[in-house]
Amino acid sequence: LSLGGPSPPRHSLIVNDTNLLGTKRPRPHKIWKKKYIKVMVIGDSGLGKTTLIRSLMSTPGERLQVHDGSYTPTEQFLKDPESLCSTISWRDEEDRVIWVYKIQDTPGYGDDLNIDKTVKNLVSFIEDQNVKWLGMEQSRDRKDDLGEVEDPRVDVCLFVLPPHRLRAIDLKVMYEVGRYVPLVPIVTKADTMTIREAAAYRNDVATKLSNPMLPGIRDKINVFKFERDTMERAGLVDQATPAPPFLVVASNDINEEFNGGDPPVFWPERRYQWGTAEAFNREHSDLLALRALLLKEALEEINKSKRQRYEAWRRRTLGGVKAGRHLRRILMWTIIPAVAALQIGRKGVSMEQVRSSVRSTVSTVRERVPWGRLVGRGGEKKEAKAAAPTPAPVPAPPPKKAFGLF
């Protein structure tokens, strides 16, 4: 029915609304949201951790500014870890997601003779991030939804290993850190090994990750397990030797011809007199596959693993708090009174002395707090009650022999 003139043809109305009237359900309109990824980088000094981060995260025309943690004092990391943290972000237009990617560098652990102290600092940092998130969850003054708050928790750890030889200290640190966050082992400076040496070293590292064979370590090291489909999308399944570890070449030198081309391509390389090692050449390095995993194919997988791991940590933490409260109740109402009774019995304190002490305390309270000033439940002042007649003194019972264990 049209009151203002001829109506449009019915066919045009149907065509314009096919998304609502067709056989498929409409696709809801998405709003922009943020997702946070935090990657921790650990390794010995001088292995090229900063160069690795630049090569992994930079784009043509953009050189990521990374704070070099190798020469940073441990005290600075403990006091202000954000000073060693680099942040990049990008927009996923299709899913309307803003990815915020944080890379937390750490001081090299090889310079400290006390490796247990180094491990404690690293583990404490990871635990502190979980505690910080738990505090935000339970905060009464929180004004924003947690989905809109920056997530400080660590998703995964990139553990940088030296070429040629895997040391016991590396396995020790990997095992201890892996108890709190999964690891992605990366061997840097892979261009210093021949093809045969690289293949043998990859197998050796993979074997020791599954069986460290160190005193006091019986379990395998916790390495992040990428799904098979994710590895296929990153181009890793067809390799003769599966990863991890990833053998990579990283460099601060960029091929300017590729960088200034149309379109520009970010292409780090290392030039020698006998040839050039290309960081993103799959025949030279696993860096391109690692970049695909960390920035594209495995982002959701890594984020999901963090949430699952945090929920298990949260249950253990809150369960320990409840157990502590229950233990306190047991101590307050059972064990402590029993011990007090035992001590009283050993010292020979009679019940008459206890009654006398209670009467004295009650009399003192009555003198200092008059009954007429006490307030009842309904908020009205109660009138002072007539003083009860003083009861006749009860004759003291005959003295009893002190009781105890003997």
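Heads up: the structure comes first, above all this text.
Note that residues are indexed from 1 along each chain, following the sequence as it is written. Given that this is a predicted model, residues contribute local features only at a pLDDT of at least 70 and side-chain atom pairs are listed and counted only at 80 or more, while totals for whole chains, interfaces and linings are drawn from all residues. Excluding hydrogens and water, the side-chain figures rest on all heavy atoms present in the structure.

> Lay out the overall build of the chain in plain terms, naming residues and giving numbers.
Under the scheme used here, helices are H or I runs from DSSP no shorter than 4 residues and strands are E runs no shorter than 2 residues, and both carry numbers assigned from the N terminus. Of the regular secondary structure elements, the chain holds 12 helices and 8 strands. Using a 1.4 Å probe on the protein chains alone, a residue whose accessible area is under 20% of its type maximum counts as buried, one over 50% counts as exposed, and one in between counts as partly exposed. Each of the 406 residues in the chain was classed as buried or not, and the buried ones make up 35%. Of all intrachain contacts in the chain linking residues separated by at least 6 positions in sequence, the fraction that spans at least 24 positions is 70%. For the chain, the accessible surface area stands at approximately 26900 Å², while carbon and sulfur atoms represent 54% of it. Residues are treated as being in contact if the distance between any of their heavy atoms lies within 4.5 Å. Note on areas: Shrake-Rupley, 1.4 Å probe, and residue coverage restricted to the protein chains presented here.

> Before we move on, could you go through the packing of helix 3 (residues 49–57) against helix 10 (residues 287–297) and cite the residues and values that matter?
Running from N to C, helix 3 and helix 10 cross one another at 70°; their axes reach a closest spacing of 9 Å. By the angle between their axes, helix 3 is roughly perpendicular relative to helix 10. The chirality of how helix 3 crosses helix 10 is right-handed. Residues L52, S55, L56 and M57 of helix 3 form the contact with helix 10, whose own contacting residues are L287, L290, R291, L294 and L295. Only the stretch in contact is used when fitting a helix axis, every axis being a line fitted to C-alpha atoms; angles between N-to-C directions are given from 0 to 180 degrees. Any angle that falls under 35 degrees is termed roughly parallel, while one over 145 is termed roughly antiparallel, one within 65 to 115 roughly perpendicular, and all others oblique. Throughout, a crossing is termed right-handed when the near helix is turned clockwise from the far one, and left-handed when it is turned anticlockwise from it by less than a right angle.

> Describe the pattern of salt bridges, listing the residues and the values that go with them.
When their charged atoms lie close together, side chains carrying opposite charge are able to pair. Between Lys or Arg on one side and Asp or Glu on the other, a salt bridge is scored when a side-chain nitrogen of the former is within 4 Å of a carboxyl oxygen of the latter. Taken as a whole and assessed by the stated rule, the structure comprises 19 salt bridges. Between R314 and E137 there is a salt bridge; the shortest N-O distance is 3.0 Å. With R314 in helix 11 (residues 299–347) and E137 in helix 5 (residues 115–138), the pair connects residues that are 177 residues apart, well separated along the chain. Assessed through its relative accessible area of 22%, E137 is described here as partly exposed. Across the pair E232 and R228 runs a salt bridge, and its minimum N-O distance is 3.5 Å. Residue E232 and its partner R228 are located together in helix 8 (residues 228–233), separated by 4 residues, close to a single helical turn. Residue classification places E232 among the partly exposed residues on the basis of a relative accessible area of 42%. Three or more residues joined by partner-sharing salt bridges are found here, namely D151, R153, D155 and K306.

> Just give me the short version of the environment of I37, but keep the residues and values in it.
Along the chain, the position of I37 falls in strand 1 (residues 33–43). Classification of I37 by relative accessible area gives buried; the value is 3%. Distance in space between the C-alpha atoms of I37 and R153 is 8.3 Å, their sequence separation being 116 residues. Excluding residues within four positions of it along the chain, I37 makes contact with W99, V100, Y101, K102, D155, L299 and N303.

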